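# Observations on the model geometry
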Amino acid sequence: LSGLLGKTTALQLMDLSRFKTLFLDRDGVINTLLVDDYVKTWDEFEFTPAFKETIPFFSQYFSRILVVTNQRGVGRGLMSEQDLIDIHKRMIDEIEAMGGRIDRIYYCTANDNSNPNRKPNIGMGLQAKKDFPDIDFETSIMVGDSESDMLFGKRLNMHTISTKEFSLVRLK
């Protein structure tokens, strides 16, 4: 855990026994964030060292791990939805090879911030609850790198943890 959130982390200081579901943002948490760009191909995708270090623990600890990610690059025509699906398939394959898992990926390709699925709106969280009725948002953690990630989690009464202060950005 220390790699993902710093040497002394919020997760290390918390009693994790009450948390069952982990929601993760993708860009800036799972993979390095490209400044002023989008990950459009697998060649541009790079796992953060912190994620690679922590996903095996997360996978053993949490009963469910879900990704919730805004992917505006598709909506802007910079990549196709199939390109995104291919990246996610490769990502899951690599995570499984690391001894980890992702139970489901929810993504929003809309350009319009008013779209109910675009974070910080809660549509992806509600879809996850529909797909997995046992999810209790009050026993869930949202890890993200942006204010919209934190608002998404807070609007659903999740515990939120920001990685923003940590170096998870790759300059192009």
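## Observations regarding helix α3 (residues 49–61)
Here α3 contains 13 residues, and its C-alpha end-to-end distance of 19 Å stays within 8% of the 18 Å for a straight helix at 1.5 Å per residue. Taken as a whole, α3 carries its principal kink of about 40° at I55; the proline P56 stands between one and four residues after it. All of the buried residues in α3 are A50, F51, T54, I55, F58 and S59.

## Topic: the pattern of salt bridges
Considering all chains together, one arrives at nine salt bridges under this definition. Of the charged contacts in the structure, one is a salt bridge between R64 and D134, with a shortest N-O distance of 3.0 Å. Residue R64 is found in strand β3 (residues 64–70), and its partner D134 is found in the loop between α6 (123–131) and β5 (140–144); the two are separated by 70 residues along the sequence. The class for D134 is exposed, based on a relative accessible area of 56%. In this structure, R104 and D131 form a salt bridge, with 2.9 Å as the shortest nitrogen-oxygen distance. Placement of the pair is R104 in strand β4 (residues 104–108) and D131 in helix α6, with a sequence separation of 27 residues.

## Regarding the environment of A50
Residue placement: A50 occurs in helix α3. Exposure remark for A50: the relative accessible area of 6% places this residue in the buried category. As for A50 and V29, which are separated by 21 residues in sequence, their C-alpha atoms are 8.4 Å apart.

## A closer look at the confidence of the model for the protein chain
Looking at the protein chain, pLDDT values average 89 and 87% of them are 70 or higher. Contacts for the low-pLDDT stretch residues 1–10, under 50 throughout, to residues beyond four places or in other chains number 32 contacts. When the criterion is pLDDT under 50, residues 166–172 qualifies, and its contacts beyond four places in sequence or with other chains add up to 21 contacts.

## A look at the pairing of β3
With seven of its seven residues buried, β3 lies for the most part within the structure. Neither face of β3 is exposed, since R64, L66, V68 and N70 on one face and I65, V67 and T69 on the opposite face are all buried. Where strand β1 (residues 21–24) and β3 come together, four bridges link them in parallel fashion. Across the sheet, L24 pairs through a bridge with V67, a residue of β3.

What counts, and where the lines are drawn
- Residues numbered from 1 in each chain as written.
- Predicted model: local features only at pLDDT ≥ 70, side-chain atom pairs only at ≥ 80, totals over all residues.
- Heavy atoms only, no water.
- Helix = DSSP H or I, 4+ residues; strand = E, 2+ residues; numbered from the N terminus.
- Expected span 1.5 Å × (residues − 1).
- Bend = angle between axes of the 7 residues up to and from the residue.
- Buried < 20%, exposed > 50% of the residue type's maximum accessible area, 1.4 Å probe, protein only.
- Salt bridge = Lys/Arg side-chain N within 4 Å of Asp/Glu carboxyl O.
- pLDDT = per-residue confidence, 0-100.
- Contact = heavy atoms within 4.5 Å.
- Pairing = 2+ DSSP bridges.

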